[in-house]
Amino acid sequence: MKIYNMIETLIILVIVGIMSLIGNTIGSKNGFVEAIPGLLILIAIAMAGIAMGRYLPGGIPGVAYVVTLGCILTYPGIPCADFINACMKKVGFLPLCTPILAYAGVSIGKDLDAFAHSGWRIVVLSCVIFIGTYLGSAIIAQVILKYLGQI
Amino acid sequence: MKNFKLHGIVLVLVIIAELIGIHQFKVGVGVIVLLPMLYALIFGIFLAPKFLNVVNKIDMQDAGSLLGITLMLLMARYGTLVGPTLPKIISASPALILQEFGNLGTVFLGVPLAMYFGLKRETIGAAHSIAREPNVALIAERYGLDSAEGRGVMGVYISGTVFGTIFFGLMASMAAAYLPFHPYALAMASGVGSASMMTAAVGSLSAMYPQMSDQLVAFGAASNMLSGLDGLYMAIWLALPLTERMYKYIYKFKYGVYPTGEDAAK
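Please read all numbers here as calculations on a predicted model, not as lab measurements.

## Let's talk about the pattern of salt bridges
Residue and element names in this part refer to chain B.
Then step 1. Within the structure shown, the criterion is met by 5 salt bridges over all chains.
Then step 2. Put simply, K120 and D263 hold a salt bridge, and the shortest N to O gap is 3.7 Å. On the criterion of sequence distance, the pair formed by K120 in the loop between α6 (104-116) and α7 (122-127) and D263 in the segment after α12 (213-255) is long-range, its members being 143 residues apart.

Here you go:
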């Protein structure tokens with residue numbers, strides 16, 4: 001896998017940002033221009049998080065910093081939170097997924113044979129994983145609710 | 001990065017997919033939701049040399065290495081979705097917070113089954129979590145999505161995207177009907193996956209227990225928001241290391257030696 005430097009990373013984020021803007025305009029009721037501030041903030045958060053993941057010690061992946069930064073900046077009471085929340089309202093979550101999955105689709109073309117080979121196994125495995133996670137959580141919730149006397 | 005053909009193609013896919021828009025229809029007790037991202041994914045696959053032959057090997061490779069960075073934009077949005085709801089989550093029942101450890105149930109069931117099926121490094125990506133967006137981003141960053149681990153996580157992610165919603169709707173009603181769980185516990189468990197999975201699961205529960213409906217929806221939504229945040233930390237510090245370790249021991253058990261070469265952890 002290729003490692004991009006910070007400038008290349010920024011350019012990629014801007015390219016995907018523009019695509020998301022176009023998708024956001026078509027797919028939701030938000031205007032093109034009014035979504036721009038939100039996307040700029042998202043690009044800034046992503047850049048900051050990626051940089052922290054690369055240069056801070058501890059080996060924590062950039063994705064953890066990105067999510068955490070997004071959380072902190074929108075936590076009620078933080079000075080910029082209201083402004084950022086207002087900007088984010090104009091950027092839909094689903095339109096952001098569309099370009100990413102388009103890239104994913106193109107990339108999967110390379111591994112079609114490998115996917116076809118493990119296809120039905122992955123589908124069965126997915127079902128088991130859904131059941132395992134659901135029941136695992138339900139059991140713990142049941143035990144604790146009972147212990148606390150909430151049910 | 002400079003592959004403008006690839007970006008152009010993706011832009012066209014995005015426009016077509018968004019123009020088609022969201023469609024949903026009822027199937028039995030559940031609802032199947034078709035999202036633009038799903039069309040974009042499928043169209044993208046069909047551009048491969050095997051089908052329409054629009055993209056070449058380099059385009060596909062570039063797309064794979066770009067993915068990790070493109071996901072960061074989505075993760076930033078994810079964080080801003082969770083942030084405003086954090087105070088509500090923190091003040092919620094401890095049961096809500098502790099049930100998140102149920103995510104580890106995925107590993108204990110998933111890893112042995114995946115390896116029984118003969119999957120190798122795919123197991124790490126596929127069975128470490130329920131494979132929603134943060135988990136895909138994590139695997140992309142750590143192993144690359146064009147690796148075996150990446151194929152594993154994408155496989156489960158795509159399965160979840162395609163039939164996860166209807167599966168969760170059915171599973172919740174079956175569990176409520178046949179297993180000795182309180183509806184509150186099931187509602188809290190409904191939040192383990194994506195928002196649409198949670199909506200479907202809580203929807204089924206609300207239909208069965210209309211008098212508890214508000215509480216069920218609140219528990220489901222809070223649990224879902226919480227999963228979005230701590231699911232990632234849990235994957236980094238608990239689930240992924242646990243998956244790697246189980247993988248190693250089951251590999252030894254199955255093949256007689258510890259994994260080496262391509263099968264070993266990187």
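## Looking at helix α3 (residues 57-82) of chain B
Then step 1. Its 26 residues place the ends of α3 of chain B 38 Å apart at the C-alpha level, agreeing with the 38 Å of an ideal helix rising 1.5 Å per residue.
Then step 2. Of all 26 residues that make up α3 of chain B, 22 are buried, and the element is covered over most of its length.

## A closer look at helix α6 (residues 112-148) of chain A
All names here are of chain A.
Then step 1. With 37 residues, α6 ought to run about 54 Å at 1.5 Å a step, and its terminal C-alpha atoms sit 50 Å apart, in line with that.
Then step 2. Largest kink in α6: about 55 degrees, centred on G119.
Then step 3. After α6 finishes, the residue G149 shows a positive phi value of roughly 75 degrees.

## What about a nonpolar patch on the surface?
Residue and element names in this part refer to chain B.
Then step 1. Together, V12, I16, I20, I42, F43, F46, F51, L52 and V54 make up an exposed nonpolar region whose accessible area comes to about 740 Å².
Then step 2. Elements supplying a minimum of two residues to the nonpolar patch: α1 (4-20) and α2 (36-46).
Then step 3. The topology assignment puts V54 in the loop between α2 and α3.

## Topic: the confidence of the model for chain B
Low pLDDT marks stretches whose predicted atomic positions should not be read closely.
Residue and element names in this part refer to chain B.
Then step 1. A residue-level look at chain B finds 95% of positions with pLDDT of 70 or above and a mean pLDDT of 86.
Then step 2. For chain B, strand β2 (residues 30-34) is the element with the lowest average pLDDT, namely 66, and α1 is the one with the highest, namely 94.
Then step 3. Predicted complex metrics record ipTM = 0.90 and pTM = 0.83.

## Some points on the layout of surface pockets
Any space left empty among the atoms is revealed by the rolling of a water-sized probe across them.
Then step 1. Quantified by volume, the second largest pocket comes out at close to 360 Å³.
Then step 2. Taken together, 17 residues make up the lining of the second largest pocket; nearest its centre are F115, G119 and V123 of chain A together with G155 and I158 of chain B.
Then step 3. Looking at the lining of the second largest pocket, the elements that each hand over two or more residues are α6 of chain A together with α2 and α9 (148-178) of chain B.
Then step 4. If one sorts the elements of the lining of the second largest pocket by residue count, α6 of chain A sits on top with 6 residues.
Then step 5. Here the residues of the lining of the second largest pocket sort into 14 nonpolar, 3 polar and no charged.

## A short note on the interface of chain A and chain B
Then step 1. If you look at the interface, chain A gives 93 residues, while chain B gives 114 residues.
Then step 2. Remark: the boundary between chain A and chain B carries 15 residue pairs in polar contact (both at pLDDT 80 or more).
Then step 3. Secondary-structure elements contributing two or more residues to the side of chain A that touches chain B are α1 (6-27), α2 (36-55), α3 (62-73), α4 (81-88), α5 (93-108) and α6 of chain A.
Then step 4. For the side of chain A that touches chain B, the element with the highest residue contribution is α6 of chain A, accounting for 31 residues.
Then step 5. Classifying every residue of the side of chain A that touches chain B gives 63 nonpolar, 24 polar and 6 charged.

Quick notes on the rules
Residues numbered from 1 in each chain as written. Chains lettered and ligands numbered in written order. Predicted model: local features only at pLDDT ≥ 70, side-chain atom pairs only at ≥ 80, totals over all residues. Heavy atoms only, no water. Salt bridge = Lys/Arg side-chain N within 4 Å of Asp/Glu carboxyl O. Helix = DSSP H or I, 4+ residues; strand = E, 2+ residues; numbered from the N terminus. Expected span 1.5 Å × (residues − 1). Buried < 20%, exposed > 50% of the residue type's maximum accessible area, 1.4 Å probe, protein only. Bend = angle between axes of the 7 residues up to and from the residue. Patch = residues over 30% accessible without salt bridge, like charges linked within 9 Å, V, L, I, M, F, W, Y side chains within 5 Å. Areas by Shrake-Rupley, 256 points an atom, 1.4 Å probe, with all protein chains shown as cover. pLDDT = per-residue confidence, 0-100. 1 Å grid on protein atoms, 1.4 Å probe; cavity = no way out; pocket = protein on both sides within 12 Å on 5 of 7 lines; lining within 4 Å. Points joined across faces, edges and corners; volume = space filled by probe spheres on them. Nonpolar A, V, L, I, M, F, W, Y, C, P; charged D, E, K, R; others polar. Contact = heavy atoms within 4.5 Å. Polar contact = N/O pair within 3.5 Å; in protein donor to acceptor, adjacent residues only side chain to side chain.

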